[in-house]
Amino acid sequence: MATEAENRKSFAVQAGYCTAMEAPITARICIALGQGITRASETGRRVLDWPGEPVADALVLRLVGGLHALHRRGVPELRRIFTGEETDLGRMGAALDAVLCAYDLPLMPWLYGPPQTNEAARSAGLMTGLLHLAERHGPRFELLEIGASAGLNLMIGRYRFDLGGVAVGPTESPLTLRPEWRGSPPPAAPVEIVSTRGVDIAPLDLTDDRDADRLQAYVWAEAVERQARLVTAIAMLRAAPVQLARGDAADWLGTSLAEPQPSGVTRVLVHSVVWQYLRPEAQARITALMEAAGSAATPDRPLGWVMMEPNRDLAAHEVRVRGWPGDTPMELVARSHAHGAWVEGLAPPYATTPYVMRTA
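Below or above, wherever it landed, is the structure these notes cover. (Residues numbered from 1 in each chain as written. Predicted model: local features only at pLDDT ≥ 70, side-chain atom pairs only at ≥ 80, totals over all residues. Heavy atoms only, no water.)

## Comments concerning the sheet that holds strand β4 (residues 176–177)
For step 1, the next point in the chain: Strands sit in the order β3-β2-β4 across an open sheet of 3 strands; the sheet is mixed. Two strands close off the open sheet at either side, each with one partner strand: β3 (166–168) and β4.
For step 2, the next point in the chain: Of the pairings in the sheet, the one linking strand β2 (residues 160–163) to β3 comprises 3 bridges and is antiparallel in character. Bridged to D162 within β3 is A167.
For step 3, the next point in the chain: Sheet strands in contact with helix α8 (residues 123–137) are β2, β3 and β4, and its direction is about 75° off that of β2. (Pairing = 2+ DSSP bridges. Helix = DSSP H or I, 4+ residues; strand = E, 2+ residues; numbered from the N terminus. Contact = heavy atoms within 4.5 Å. Axes fitted to C-alpha atoms, helices over the stretch in contact; angles between N-to-C directions.)

Printed below as a string of structure tokens:
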């Protein structure tokens, strides 16, 4: 269990990440909350007595998401704070603590589970990984996503991508993802997404306005481009819903891997910003399931694993790829901005050190 001082420090840590990702308003809110939050509200007491690891649990983002939701609903005490007009940290901290007291009941549920920061632009990092697998195993893919949240990345086959000049996806897509490209270009290989399905312990249903509002609340206030992209992605999903189940990631993956795999199709486990939320025993079980399935993979029925998970020391996410059959360990092929603003392709030889979520 973290101490109150450690829980308060997590607000400054999150502010640092926000600053690195050019989110000054949200960074300022994080700092003001860390300084101003008191035990006057049940929400405040829960935060200051947080029983877990506050950074790994994304505690600050849970609370900021709840406050942003109140702002989006028109709570007047939050207007100047979330528009960036108010910059005095003392006044902000006092005002935010007063909001926690006044809106304790609607805010508390935001602390019950991890943030749902489902971001369509993360598909650019995942597609970069798929291009590496396509170069090795061919163009056709069946994707299994754990921690799929609202399912936006399950629409990866419907998005158009420009990845350093490498074009992928339907030209008529309503949403084109064109991150700033850095470093080495990805393989210029054809990709065909045959099917996608996913699971989440608490999936959001974007056909429901309340769930859509919840997802939008997790988008930072200054991220205007992200907000517009999310509106487009929600409309795409409502027009053609995705296959998204509620359940345990390891259980679902075990069942999915046991199902018949079409010939000539690479089955791929994909996930982004999920690993930190899984218990160590779940991580170990998923790894064992993939290794067992990989040992049975054949050239006609290959298996792949593409992950995009945070390296907090670098304020970036790492795209790692593993393919079977073959003995090549998981390789670090790219780095990405957390919300897909840029992707940096790495050059071989690729690092093969196991993924660990480093914490500054």
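What follows picks up the thread again.
## Thoughts on the state of the cysteines
For step 1, the next point in the chain: Within this structure, the stated rule accounts for 0 disulfides.
For step 2, the next point in the chain: Note on C30: no disulfide assigned, nearest cysteine sulfur contributed by C18 at a separation of 4.3 Å.
For step 3, the next point in the chain: Counting only cysteine sulfurs, C30 is the nearest neighbor of C101, a cysteine outside any disulfide, at a range of 19 Å.
For step 4, the next point in the chain: Since its relative accessible area comes to 36%, C101 is described here as partly exposed. (Disulfide = S-S within 2.5 Å. Buried < 20%, exposed > 50% of the residue type's maximum accessible area, 1.4 Å probe, protein only.)

## Side note on unusual backbone geometry
For step 1, the next point in the chain: Residue P325 is reached from W324 by a cis peptide bond, and omega for that bond is 0°.
For step 2, the next point in the chain: By secondary structure assignment, the location of P325 is in the loop between β10 (316–324) and β11 (331–336).
For step 3, the next point in the chain: A cis amide bond links P348 to the next residue, P349, at an omega of 0°.
For step 4, the next point in the chain: Inspection of the secondary structure puts P349 in the segment after β12 (342–345).
For step 5, the next point in the chain: Positive phi, close to 55°, is recorded for A58, a residue that is not glycine.
For step 6, the next point in the chain: A relative accessible area of 4% places A58 in the buried class.
For step 7, the next point in the chain: Of note, S149 is a non-glycine position whose phi angle comes to about 55°, a positive value.

## Things to note about the pattern of salt bridges
Pairing between side chains of opposite charge can happen when their charged atoms approach one another.
For step 1, the next point in the chain: Going through the model one piece at a time under the given rule, you end up with 23 salt bridges.
For step 2, the next point in the chain: In this structure, R45 engages E42 in a salt bridge whose closest nitrogen and oxygen atoms are separated by 2.9 Å. With R45 and E42 both in helix α3 (residues 42–48) and 3 residues apart, the pair spans about one turn of that helix.
For step 3, the next point in the chain: A salt bridge links D208 to R210; the shortest N-O distance between them is 3.2 Å.
For step 4, the next point in the chain: The network of salt bridges with shared partners includes E4, R8, R39 and D49. (Salt bridge = Lys/Arg side-chain N within 4 Å of Asp/Glu carboxyl O.)

## Notes on helix α11 (residues 249–258)
For step 1, the next point in the chain: Residues of α11 that are buried: A249, A250, W252, L253, S256 and L257. The buried residues of α11 occupy one face: seen down the axis, they fall within an arc of 160°.
For step 2, the next point in the chain: Residues of α11 that are buried sit in contact with β1 (140–146), β6 (192–200), β7 (244–246), β8 (266–272), α12 (280–295) and β9 (303–311).
For step 3, the next point in the chain: Between a side-chain oxygen at the N-terminus of α11 and the backbone nitrogen of A250 the separation is 3.1 Å; the capping residue is D248. (Arc of directions from axis to C-beta. Polar contact = N/O pair within 3.5 Å; in protein donor to acceptor, adjacent residues only side chain to side chain.)

## Description of the nonpolar core
For step 1, the next point in the chain: If you look at the biggest cluster of nonpolar residues, it comprises 48 residues, and the most contacted ones within it are L130, L152, Y159, F161 and V306.
For step 2, the next point in the chain: Here the element with the most residues in this core is α8; it accounts for 7 residues.
For step 3, the next point in the chain: Those residues in contact with V306, other than ones at most four positions away along the chain, are L126, G129, L130, L133, V268, L269, V270, H271, V319, R320 and V321.
For step 4, the next point in the chain: The next biggest cluster of nonpolar side chains, apart from the first, holds 39 residues, and it includes L33, I37, I81 and L107. (Core = buried A, V, L, I, M, F, W, Y, C linked by side-chain atoms within 4.5 Å.)

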